[in-house]
Amino acid sequence: MSNIKVRDKFWIFASKSHDDDPYFGQSKDGILTGCEWSRITPAEGAFMLGTPNLMMIVSDGIPVPYSRDAIGYLESFCRLKRVLWSCTGSGGFRNGNEEEFICDMADEYPNLIGGFFDDVTWDHRHQRRRTPAECKELFDNARKTFDKAGKPMEIWSTCYSSQFDLYPKDTFENVDVMTIWGMSRTSKENYLNDFKRYEDVYPEKKKAIGIYLYHYMERKAWNLDIFKMECETALELLKEGRIDEIIFLTNCTMGIGLETEYWLRNWIDEVGDEILEVK
């Protein structure tokens, strides 16, 4: 009998606190709506939601690998079960030594299990889209570095549904977990159809679904009915064994009164301790 709980498969996608403050307090039309800001740190976000796993995403180059800041974040994750550190950060940012940092920290921090490539298709330095060959090279080099670590290390990558046809299958040869973002929210049927494209082309790959608490384009919480549909559909897929993880984004939209956050906290309380019996 499995003793894995549903919440054991839940992650928070996290970055430094205040990271998304520029999106708050002003509508997409420039109308001032208040002075909301989020002070929630990555570890606090995981605690508030009740998610035992966290991916730490570098934003604007912060925290810098090997810095006191970076070590401090890893210390704050001491009670979490699984942690990933970004190899490419928000907007595809790279310092260039992320994989070495992750490997060097992996022995000291046993819950650090690998690296996450966020926005990997965007070259921050040259401000252009990375080619499939360039993305593949990043993954392949990461695999070579991680294979030198003292324990198995995983490679996860953001995969945007809108870019599905732009990057051929072999691009992700060395990716262990494909995290799928931006699927159609117009209906559950369309949402599942978008997911099935990945299921059909990558049947051998582990998959995760990413869910946004905040609508960045509209500068407000996602419509609650849509948000519920995403969470509940992702849970169905998890229980059916069609996905392996569910990711919620992000700590730096928390603590400002989003109805999606309040609903999500209650929902995780309701479903999180269910024993996961994959069909």
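That block above? That's the structure.
These numbers were taken from a predicted model, which means no experiment stands behind them. (Residues numbered from 1 in each chain as written. Predicted model: local features only at pLDDT ≥ 70, side-chain atom pairs only at ≥ 80, totals over all residues. Heavy atoms only, no water.)

### Here we look at the overall build of the protein
In step 1: When its secondary structure is counted, the protein shows seven helices and twelve strands.
In step 2: The C-alpha atoms of the protein give 18 Å as radius of gyration, which agrees with the globular expectation for 279 residues (19 Å, within 12%).
In step 3: Principal-axis analysis of the C-alpha atoms places the extent of the protein at approximately 45 × 45 × 40 Å.
In step 4: When each of the 279 residues of the protein is scored for burial, the buried share is 55%. (Helix = DSSP H or I, 4+ residues; strand = E, 2+ residues; numbered from the N terminus. Rg over C-alpha atoms; globule rule 2.2 N^0.38 Å. Buried < 20%, exposed > 50% of the residue type's maximum accessible area, 1.4 Å probe, protein only.)

### Quick look at helix 1 (residues 42-49)
In step 1: Turning to helix 1, its buried residues number three or more, namely P42, G45, A46 and L49. Across the axial projection of helix 1, the buried residues extend over an arc of 100°, all falling on one side.
In step 2: In this structure, the buried residues of helix 1 make contact with strand 1 (10-14), strand 2 (53-56), helix 2 (68-76), strand 12 (245-249) and helix 7 (259-271).
In step 3: Two residues or fewer after helix 1 comes G50, characterised by a positive phi angle close to 85°. (Arc of directions from axis to C-beta. Contact = heavy atoms within 4.5 Å.)

### A look at the environment of N266
In step 1: Following the sequence through the fold, N266 ends up in helix 7.
In step 2: Sequence separation between N266 and L49 is 217 residues, and the spatial gap between their C-alpha atoms is 8.6 Å.

### Side note on the packing of aromatic side chains
In step 1: One pass over the full model with this rule turns up 20 aromatic pairs.
In step 2: Considering the side-chain rings of F117 and F139, the 5.0 Å spacing of their centres and the 85° angle between planes classify their relative orientation as edge-to-face. With F117 in strand 4 (residues 112-117) and F139 in helix 4 (residues 132-146), this pair connects stretches of sequence that are 22 residues apart.
In step 3: Judged by its relative accessible area of 0%, F117 is buried.
In step 4: Ring pairs connect the aromatic residues F13, Y23, F24, F116, W181, Y212, Y214 and Y216, which therefore count as one cluster. (Phe/Tyr/Trp six-rings, centres within 6.5 Å; stacked < 30°, edge-to-face > 60°.)

### What to know about the side chain of S59
In step 1: With respect to the helices and strands, S59 occurs in the loop between strand 2 and helix 2.
In step 2: Of note is the side chain of S59, whose polar atom sits 2.9 Å from the side chain of D19.
In step 3: When near neighbours in sequence (up to four residues on either side) are disregarded, S59 contacts S15, K16, D19 and S90. (Polar contact = N/O pair within 3.5 Å; in protein donor to acceptor, adjacent residues only side chain to side chain.)

### What about the pairing of strand 9 (residues 206-212)?
In step 1: Among the seven residues of strand 9, six are classified as buried, and the element is accordingly described as predominantly covered.
In step 2: Where strand 8 (residues 177-181) lies against strand 9, four bridges are found, and the strand directions are parallel. Note on strand 9: the bridge partner recorded for I180 is I209.
In step 3: The β-α-β motif built from strand 8, the intervening helix 5 (residues 188-201) and the parallel element strand 9 has right-handed crossover chirality. (Pairing = 2+ DSSP bridges. Right-handed = clockwise from strand over helix to strand, strands pointing away.)

### Points about the nonpolar core
In step 1: The biggest cluster of nonpolar side chains holds 89 residues, and the ones touching the most others in it are W85, F248, L264 and W267.
In step 2: In terms of residue count, the dominant contributor to this core is helix 6 (residues 224-239) (eight residues).
In step 3: If sequence neighbours within four positions are ignored, F248 has contacts with F10, W11, I12, F13, L49, T51, I211, L213, C231, L264, W267 and I268. (Core = buried A, V, L, I, M, F, W, Y, C linked by side-chain atoms within 4.5 Å.)

### Quick notes on the state of the cysteines
In step 1: Counted according to the given criterion, the structure contains zero disulfides.
In step 2: This cysteine, C135, is not joined by any disulfide, and C159 carries the nearest cysteine sulfur, 9.7 Å off.
In step 3: We classify C135 as buried; its relative accessible area is 1%.
In step 4: Just so you know, C231 is unpaired, no disulfide at all, and the nearest cysteine sulfur is the one on C252, 17 Å from it.
In step 5: For C231, a relative accessible area of 1% translates into the label buried. (Disulfide = S-S within 2.5 Å.)

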